[in-house]
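Inside the fold
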Amino acid sequence: QVQLVESGGGLVQAGGSLRLSCAASGRTLSIYRMGWFRQAPGKGREFVACISWSGSNIEYADSVKGRFTISRDNTKNTVYLQMNSLKAEDTAVYYCAADRDMGLASTTAGAYDFWGQGTQVTVSS
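Starting from 1, residues in each chain are numbered consecutively following that chain's sequence as written. With pLDDT at 70 or above as the cut-off, local features in this predicted model cover only qualifying residues; side-chain atom pairs require 80 or more to be listed or tallied, and sums for whole chains, interfaces and linings still use all residues. Neither water nor hydrogens contribute to the side-chain values; these are computed over all heavy atoms in the structure.

1. Quick word on the pairing of strand E11 (residues 119-124)
- Here E11 shows a clear split, with Thr119, Val121 and Val123 buried on one side and none of Gln120, Thr122 and Ser124 buried on the other.
- A pair of strands is treated as paired once DSSP finds two or more bridges between them. Secondary structure elements follow DSSP: runs of H or I of four or more residues count as helices, runs of E of two or more count as strands, with numbering from the N terminus. Two strands pair when backbone bridges link them, and strand E9 (residues 92-99) and E11 are joined in this way by three bridges, in the antiparallel orientation. Within E11, the residue paired with tyrosine 94 across the bridge is threonine 119. Accessibility here uses a 1.4 Å probe with only protein chains present; expressed as a share of the type maximum, an area under 20% marks a residue as buried, one over 50% as exposed, and anything in between as partly exposed.

2. As for the pattern of salt bridges
- We define a salt bridge as a contact between a side-chain nitrogen of Lys or Arg and a carboxyl oxygen of Asp or Glu at a distance within 4 Å. For the coordinates displayed, the defined rule picks out six salt bridges.
- Arginine 38 is the partner of glutamate 46 in a salt bridge, and the nearest nitrogen-oxygen pair spans 2.5 Å.
- Taking relative accessible area as the criterion, arginine 38 reaches 5% and is therefore assigned buried.
- Here aspartate 62 ties to lysine 65 by a salt bridge, and the two come within 3.1 Å at their closest N and O atoms.
- Judged by relative accessible area, lysine 65 falls into the partly exposed class, the value being 49%.
- Each of Arg38, Glu46, Arg67 and Asp90 takes part in one network of salt bridges that share partners.

3. Section: the packing of aromatic side chains
- Aromatic rings from Phe, Tyr and Trp, with only the six-membered ring used for Trp, were paired whenever their centres fell within 6.5 Å, and each pair was classed as stacked if the ring planes differed by under 30 degrees, edge-to-face if by over 60, and tilted otherwise. Tallying each qualifying case throughout the model produces five aromatic pairs.
- Ring geometry for phenylalanine 37 against phenylalanine 47: centres 5.8 Å apart, planes inclined by 70°, an arrangement best described as edge-to-face. One end of the pair, phenylalanine 37, is in strand E4 (residues 33-39); the other, phenylalanine 47, is in strand E5 (residues 45-51), and ten residues separate them in sequence. One exposure class covers both phenylalanine 37 and phenylalanine 47, and it is buried.
- By the ring-pair criterion, three or more aromatic residues cluster together here, those being Phe37, Phe47, Tyr112 and Trp115.
- Across from the ring centre of tyrosine 95, 3.9 Å away, lies the NZ or CZ of arginine 45, which sits over that ring.
- By definition, being over a ring means that NZ of Lys or CZ of Arg is both within 6 Å of the ring centre and within 35 degrees of the ring normal. Over the ring of tryptophan 115 we find arginine 45, and its NZ or CZ is 4.7 Å from the ring centre.

4. As for the state of the cysteines
- Criterion for a disulfide: a pair of cysteine sulfur atoms at a distance within 2.5 Å. Per the stated rule, a full pass over the model turns up one disulfide.
- One disulfide bridge connects cysteine 22 with cysteine 96, the sulfur atoms lying 2.0 Å from each other. The disulfide joining cysteine 22 to cysteine 96 has a torsion of about 50° about its S-S bond and is therefore right-handed. Separated by 74 residues along the polypeptide, cysteine 22 in strand E3 (residues 18-25) and cysteine 96 in strand E9 bring together distant segments of the chain. Taken as a pair, cysteine 22 and cysteine 96 share a single burial class, namely buried.
- The closest cysteine sulfur to the non-disulfide-bonded cysteine 50 is located on cysteine 96, 13 Å from its own sulfur.

Structure below.
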């Protein structure tokens, strides 16, 4: 079992940056593959980025490729999402997710067993 807590969300102008953090407690994060997803008002949850337990496999949604960077620090049990060149369409609640799988990172929400409560990101245009 693992508990996930996101932080770092907020209000930012278009073109700005934010760094989200996802801190895990309960079990070591090093054996979990991790993902970031987001949900905008009136829309379904969509994949943003994911990283394998070793950090060697990373995937991004086309909409954020080149602007967002996912990383992890297993010594701190924390996963990060650096978001640059933010756009109004990036406005959403961002969720981190974990799954105890030592395979490739997954872009599918259904693959993840544990979820954080979400953090709001609002980008003003």
